[in-house]
Amino acid sequence: MNDFDGTALDGMNLDSAMLDGTVLVTGARGNIGSRVASALTRAGHAVRASGRSIDGLAVPEGAEAVTLDLTEPSGAAAALDGVRTVFLYPTFGDIGGFLAAAVEAGVEHAVLLSSPAAYDPVEHAGPIGAAHQAIEGAVRASGLPHTVLYPSWLGSNVFRDWAGQVRAGRVPIAFPEWQINPIHLGDVAEVAVDLLTRPQFRGRSLVLTGPESLTQRQAVAAVAAELGRPVEVEELTREQALAGRPEWFPEAMFDSLLDVAANFGDTPATVNNNVERVLGRPARTFAQWLHDERGRFDAS
């Protein structure tokens, strides 16, 4: 993963004086958590970055690394010492002990990273939706003040799902006319930082989208344009897609995503202006994301 570019902080409404105390960033090894930790430290905030193991965990200069398993609360008190706000990665399992410790420690606010699958038609009833609903329910039940962040189709999905096929010049996709609303991960991180450090936009939930609705076919064309070489789309039947499911992708979740694609067809994806409302600038385009992360096609 590329380091979060400090120039992306331009225009952010951060005021270091607004937050006296440490921000705990859980899931700091992840695509979004690592960007949140980097953005916070660049803005001058005290950061404690956590992972179940800190072996190989790269943290920004000035940040503190701490071992923390959200499902094992024995280490929670130490991790939460002096913490004012928490970026909460959606770890699935019983996190009630950690949440109770956060309330006891006087944590002011948490930003929970969730997924539109928690409420979207079709997917909300599937395994991805159910998993996110469970962690949202646990946070609500804890009484910890929080905002749930719902980012749309993550730009990083293009590397997770298509990197090898892009290198081969052909991307096999079921339902290629399904429309998505890709969001730049830097935008997700910047909004999270704003919510962690300022009270202005905190609330029950905040849905974030990219600035445009694209079919998967158009998304592949955007990849080809960035790379300057042809990348074809091979349209698959649902059965072919299931037969070619990556081993790392649980079958029930993969099947649920195919249900979503089949249900929505070529209906445009929802697009809103919440990134601009919070950050004071438009959300970055999918083309910008591909340009910023181009090297990952070779590294993935």
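- Taking an unreviewed UniProt entry as the reference, the chain is identified by name as SDR family oxidoreductase belonging to Glycomyces mayteni.

**A few points about the overall build of the chain**
Then step 1. The secondary structure content of the chain amounts to 12 helices and 11 strands.
Then step 2. C-alpha atoms of the chain, sized along the principal axes, occupy 55 × 40 × 35 Å.
Then step 3. Evaluated residue by residue, the chain yields a buried proportion of 49% over its 300 residues.
Then step 4. Nonlocal contacts in the chain, meaning residues at least 24 apart in sequence, comprise 76% of its contacts between residues at least 6 apart.
Then step 5. Surface summary for the chain: the accessible area is close to 13,100 Å², and the carbon and sulfur share equals 49%.
Then step 6. Of the side chains in the chain, 22 bear a positive and 37 a negative charge, and the two mean positions are spaced by 1 Å.

**Let's talk about the UniProt feature "domain: NAD(P)-binding" (unreviewed entry) in the chain**
Then step 1. According to UniProt, the "domain: NAD(P)-binding" (unreviewed entry) feature falls on residues 27–199.
Then step 2. A distance of 23 Å separates the end C-alpha atoms of residues 27–199, which is 39% helix and 20% strand.

**Quick word on the nonpolar core**
Then step 1. The biggest cluster of nonpolar side chains holds 54 residues, and the ones touching the most others in it are Val25, Val36, Phe87, Leu149 and Val158.
Then step 2. Element by element, the count of residues in this core is highest for helix 6 (residues 185–197), at eight residues.
Then step 3. The residues touching Phe87, leaving out its near neighbours within four places in the chain, are Leu24, Val25, Thr26, Ile32, Gly33, Val36, Val111, Leu113, Ala192 and Leu196.
Then step 4. Residues Val83, Val86, Leu144 and Tyr150 belong to the second largest nonpolar core, which totals 24 residues.

**Comments concerning the side chain of Glu293**
Then step 1. Tracing the backbone shows Glu293 in the loop between helix 11 (286–292) and helix 12 (296–299).
Then step 2. A relative accessible area of 5% means that Glu293 is categorised as buried.

**Overview of helix 7 (residues 216–227)**
Then step 1. Over its 12 residues, helix 7 extends 17 Å from the first C-alpha to the last, a length consistent with the 16 Å expected when each residue adds 1.5 Å.
Then step 2. Within the span of helix 7, buried status applies to Gln216, Ala219, Val220, Val223, Ala224, Glu226 and Leu227. Burial along helix 7 is one-sided: seen end-on, the buried residues are contained in an arc of 165°.

**A few points about unusual backbone geometry**
Then step 1. The backbone phi angle of Val122 is positive, close to 75°, even though this residue is not glycine.
Then step 2. Residue classification places Val122 among the partly exposed positions, given a relative accessible area of 31%.
Then step 3. Look at Phe175: it is not a glycine, yet its phi comes out positive at around 55°.
Then step 4. You can see Phe175 is positioned in the loop between strand 7 (170–174) and strand 8 (179–180).

**As for the pairing of strand 2 (residues 46–51)**
Then step 1. Counting buried residues in strand 2 gives five out of six residues, a clear majority hidden from the surface.
Then step 2. Of the strand pairs in this sheet, strand 1 (residues 22–25) and strand 2 are connected by four bridges, and their pairing is parallel. Across the sheet, Val23 pairs through a bridge with Val47, a residue of strand 2.
Then step 3. Read as a crossover between parallel neighbours, the route from strand 1 over helix 1 (residues 31–42) to strand 2 is right-handed.
Then step 4. In terms of strand pairing, strand 2 meets strand 3 (residues 64–67) through four bridges, oriented parallel. Looking at the pairing, Gly51 lines up with Thr67 of strand 3.

**Some remarks on the pattern of salt bridges**
Pairs can form between side chains of opposite charge once their charged atoms are near each other.
Then step 1. Applying the stated criterion across every chain yields a total of 18 salt bridges.
Then step 2. Arg160 serves as the salt-bridge partner of Asp161, at 2.6 Å between the closest nitrogen and oxygen.
Then step 3. You can call Arg160 partly exposed: its relative accessible area is 41%.
Then step 4. Note that Glu190 is salt-bridged to Arg281, the shortest N-O span being 3.1 Å. A residue pair is termed long-range when its members are at least 10 positions apart, and Glu190 in helix 6 and Arg281 in the loop between helix 10 (274–279) and helix 11 qualify at 91 residues.

**What about the environment of Val271?**
Then step 1. By the secondary structure assignment, Val271 is in the loop between helix 9 (251–264) and helix 10.
Then step 2. On the accessibility criterion, Val271 (37% relative accessible area) is partly exposed.
Then step 3. Considered as a pair, Val271 and Val207 are 64 residues apart in the sequence and their alpha carbons are 9.6 Å apart.
Then step 4. Among residues more than four places away in sequence, those in contact with Val271 are Thr209, Gly210, Pro211, Glu212 and Ser213.

**Notes on the environment of Phe286**
Then step 1. On the secondary structure map, Phe286 appears in helix 11.
Then step 2. Residue classification places Phe286 among the buried residues on the basis of a relative accessible area of 2%.
Then step 3. Separated by 229 residues in sequence, Phe286 and Leu57 place their C-alpha atoms 28 Å apart.
Then step 4. Aside from chain neighbours lying at most four places away, what touches Phe286 is Trp153, Val158, Pro182, Glu212, Leu214, Ala219 and Ala222.

About the cut-offs
Position labels on residues start from 1 in each chain and follow its written sequence. Local features in this predicted model are restricted to residues of pLDDT 70 or higher, and side-chain atom pairs are both shown and tallied only at a pLDDT of 80 or more, whereas totals for entire chains, interfaces and linings draw on every residue. Think of the side-chain values as coming from all heavy atoms in the structure, minus any hydrogens and water. For helices the rule is a DSSP run of H or I covering at least 4 residues; for strands it is a run of E covering at least 2, with both sets numbered from the N terminus onward. Think of it in three bands: residues with accessible area under 20% of the maximum for their type are buried, residues over 50% are exposed, and the middle band is partly exposed, with areas taken using a 1.4 Å probe on protein chains only. Working rule for contacts: check all heavy atoms of both residues, and any pair within 4.5 Å makes them a contact. With residues, only the protein chains shown are counted as cover, and all accessible areas are computed by Shrake-Rupley using a 1.4 Å probe. Lys and Arg are tallied as positive, Asp and Glu as negative. Neither His nor the chain termini are counted. Where a charge lies is defined by one atom per residue type: Lys uses NZ, Arg uses CZ, Asp uses CG and Glu uses CD. UniProt positions are given in the numbering used here, feature names are shortened, and annotations may be inferred rather than shown by experiment. In plain words, nonpolar cores are sets of buried Ala, Val, Leu, Ile, Met, Phe, Trp, Tyr and Cys residues tied together by side-chain atoms within 4.5 Å. By definition here, a helix of n residues has an expected span of 1.5 Å times n minus one. Along the arc lie the directions from the helix axis toward the C-beta atoms. Strand pairing is assigned whenever DSSP detects at least two bridges linking the two strands. Seen with its strands pointing away from the viewer, a crossover is right-handed when the path leading from the first strand over the helix to the second is clockwise. In the sections that follow, a salt bridge refers to a side-chain nitrogen of Lys or Arg positioned within 4 Å of a carboxyl oxygen of Asp or Glu.

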